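Each chain, letter by letter, is given below.
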Amino acid sequence: MSKLTTKNMPNPTRELFKYRALNEYTLAFVSTGAVYFASPAEFNDPFDTRFVERDLRAQQQRLERERRAQGTDAALLGAAMMNDFEREHRVGGVKTRIYCVTEIVDSILMWSHYADSHRGICVVLGAEEIGEPWWIPFAGSSVSFAGMASVRTSADGRIEIVDRKPSPSEQIVMLPAQQVLYSDQAPGLFMFDPLPDGPMRGVTFEFVKHTAWAYERERRVVVRESFLAENPAHLASEAVVGVVFGMKISKVDVLRVRAAIDCCARARPIAYSRMIDRPNGFGLDRVPVPDIDEFIRSL
């Protein structure tokens, strides 16, 4: 599912973060917005995107009960969509690509694991919160709509799948970054997550991970491989809104990041910040860097 627009994204309502070690791919990320959608086979967790067989009809009946109880099917997977999804995966050949981000910037473990032991950076993405998903703007040139379908809710509350024929003028594609559901139970093709304020959320197995990973507070953009016109794909120019420096980053690497950012025109200025250790115990705090030149001189 995607939301298409020809306009610039409004002021972002949420921040999402991508922890990165400093390398040529990270510099391309901050300079041109190039991001890589990974195959699940590349993930470090062998259980990621693994599902078990479950009774689809029982899941559909549960969905119907929830729909009647809530009086709406907003944020639920429709029964027709469930059938289509199951049929495609039974036949095989569905190749999925996933882009992973997180809601938090102060995870000691993620700075250690994904950002070169606190010597790297976090790239800050501006996202628009509409319902449960946080929508990230991508360049329209990075996606292909050939054979793509969109979803809409009809007047009587049914969820329908409709053909999507975008106009050539569409420049930005808003893709949903949805919350990962953490569970001790392996999912079927679908799993249901009761939300604290609203109807039960239905997710496909690509959004379910073991509870051991819950500290990551992950969100995912999940697309079919055929949806991508290019990979690395490119974010819209206004998507990258900030860079957070790790507490052990070197002066040389800060200069590399700044040079990569300064080389390209931007829709909005980049906000710099850095992580510092809390003086009274374990923990990290993010503090602004109002003057990047002064920060470089201090290193």
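Residues numbered from 1 in each chain as written. Predicted model: local features only at pLDDT ≥ 70, side-chain atom pairs only at ≥ 80, totals over all residues. Heavy atoms only, no water.

With that settled, consider the overall build of the protein chain. Scanning the protein chain from N- to C-terminus turns up six helices and 18 strands. Expressed as a percentage of its 299 residues, the buried residues of the protein chain come to 48%. Considering only contacts in the protein chain between residues 6 or more positions apart, those separated by 24 or more positions represent 79%. Split by element, the accessible area of the protein chain, about 15000 Å² in all, is 52% carbon and sulfur. (Helix = DSSP H or I, 4+ residues; strand = E, 2+ residues; numbered from the N terminus. Buried < 20%, exposed > 50% of the residue type's maximum accessible area, 1.4 Å probe, protein only. Contact = heavy atoms within 4.5 Å. Areas by Shrake-Rupley, 256 points an atom, 1.4 Å probe, with all protein chains shown as cover.)

In the predicted model, the protein chain carries a mean pLDDT of 81, and the fraction of residues at 70 or more is 71%. Here residues 1-7 scores under 50 on pLDDT; set against residues more than four positions off or in separate chains, the count is 29 contacts. Note on residues 147-169: pLDDT under 50 across the span, and 37 contacts to partners over four residues away in sequence or across chains. (pLDDT = per-residue confidence, 0-100.)

Glancing now at the pairing of strand β4 (residues 96-102). In terms of burial, β4 is largely enclosed, as seven of its seven residues are buried. Side-chain alternation along β4 places T96, I98, C100 and T102 on one buried face and R97, Y99 and V101 on a second face that is also buried. Taken together, the seven bridges between β4 and strand β14 (residues 218-224) define a ladder with antiparallel strand orientation. Paired with C100 across the two strands is R220, which belongs to β14. (Pairing = 2+ DSSP bridges.)

A few words now on the environment of A186. Relative to the helices and strands, A186 is located in the loop between β10 (181-183) and β11 (190-193). Assessed through its relative accessible area of 37%, A186 is described here as partly exposed. With 23 residues separating them in the primary sequence, A186 and K209 have C-alpha atoms 8.0 Å apart.

Looking now at the nonpolar core. The biggest cluster of nonpolar side chains holds 41 residues, and the ones touching the most others in it are F37, I121, L125, I136, L235, V243 and F245. With sequence-adjacent residues up to four places away left out, I136 is seen in contact with L16, L125, A127, V173, M174, L175, A177, V221 and L235. (Core = buried A, V, L, I, M, F, W, Y, C linked by side-chain atoms within 4.5 Å.)

Once that is clear, we can look at the packing of helix α1 (residues 24-32) against helix α5 (residues 251-262). Where α1 meets α5, the axes come as close as 7 Å, and the angle between the chain directions of the two elements is 40 degrees. When the axes of α1 and α5 are compared, the crossing they make is right-handed. Between α1 and α5, the contacting residues are L27, V30 and S31 on the first element and R256, V257, A260 and I261 on the second. When grouped by side-chain class, the residues that make up the contact of α1 with α5 number five nonpolar, one polar and one charged. (Axes fitted to C-alpha atoms, helices over the stretch in contact; angles between N-to-C directions. Left-handed = near helix turned anticlockwise from the far one by under 90°. Nonpolar A, V, L, I, M, F, W, Y, C, P; charged D, E, K, R; others polar.)

The next subject is the environment of T102. Structurally, the position occupied by T102 is in strand β4. Note: C-alpha distance between T102 and Y19 (83 residues apart in sequence) is 8.5 Å. Filtering out sequence-adjacent residues up to four positions away, T102 remains in contact with L16, F17, Y19, M110, E216, R217 and E218. There is a polar contact of 3.2 Å between the side chain of T102 and the backbone nitrogen of I104. Of the polar contacts made by the side chain of T102, one reaches the backbone oxygen of R217; its length is 3.3 Å. (Polar contact = N/O pair within 3.5 Å; in protein donor to acceptor, adjacent residues only side chain to side chain.)

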